Amino acid sequence: MNREAERRSIAGPGDDALVTSAQKGDEAAFGEIVRRYQRAVYRVAWALTRNDADADDLAQEAFVRAWGAIGRFEIGQPLYPWLARITTNLAYSLFRRRKRRPEAPIEPLLEAGMQFGVEDDPAEHAVTDERNANLRACFAQLSPEHQAVLALRVVQDLSYEEIARALNVPMGTVMSRLARARGVLAKLMIERTGERR
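Not measured: the values here are computed from a predicted model.

A. Just the nonpolar core, in detail. Ranked by internal contacts, the top residues of the largest apolar core, which has 55 residues, are I33, W82 and L83. Taken together, the elements giving at least two residues each to this core come down to α2 (15-23), α3 (27-49), α4 (52-69), α5 (79-98), α7 (122-140), α8 (144-154), α9 (160-167) and α10 (171-193).

B. Representation of the packing of α8 against α9. At a closest axis distance of 10 Å, the pairing of α8 and α9 adopts a crossing angle of 135 degrees. As the angle between them shows, α8 and α9 are arranged oblique. Two packed elements cross with a definite hand, and for α8 against α9 that hand is right-handed. Residues A148, V149, L152 and R153 of α8 form the contact with α9, whose participating residues are Y160, I163, A166 and L167.

C. Quick peek at the environment of D57. Within the secondary structure layout, D57 lies in helix α4. In the structure, D57 is positioned 12 residues away from A45 in sequence and 8.8 Å away in space, judged by C-alpha atoms.

Reading the values: the criteria
- Residues numbered from 1 in each chain as written.
- Predicted model: local features only at pLDDT ≥ 70, side-chain atom pairs only at ≥ 80, totals over all residues.
- Heavy atoms only, no water.
- Core = buried A, V, L, I, M, F, W, Y, C linked by side-chain atoms within 4.5 Å.
- Buried < 20%, exposed > 50% of the residue type's maximum accessible area, 1.4 Å probe, protein only.
- Helix = DSSP H or I, 4+ residues; strand = E, 2+ residues; numbered from the N terminus.
- Axes fitted to C-alpha atoms, helices over the stretch in contact; angles between N-to-C directions.
- Parallel < 35°, antiparallel > 145°, perpendicular 65-115°, else oblique.
- Left-handed = near helix turned anticlockwise from the far one by under 90°.
- Contact = heavy atoms within 4.5 Å.

Structure representation (structure tokens):
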């Protein structure tokens, strides 16, 4: 069962019904959309900013923007990628205002082969901590576009098609950005640590 069908079966009315009602001015329907997606939107915001306060602000602003634009949403399209695109665009605007790059989120590092958890062996745990620090430092050197595509793929487990909708780019661009981001991350790790995976 795909995530959308699962979300509908667990949570009641489907997204299309809620969006249709929200487009007619039903604030309760939009409130249900917020309730349904607030954690996912927050996770995207946090993955991009790595800051609780910024993530809270971005998630709230994303829903304010979504409410203002709900009339233009095309019924039948998946709702979550649209919300993720709004969140990502707001994050990019925040970074431009601050003239800084997002901090390295930890979740995309999972895709680079990391497994997190407490190790029984303290020496092994120290090695893991050092490797995690190196990965975070290398991840921080990726462009915001590469960080975003990795965050949407790993943190939110979106398909290539959903990421393409969220970032408003062709699916081929998503695939090439993911491949490029992984390659650059691996190269940076080799340069930083001298080890090959």
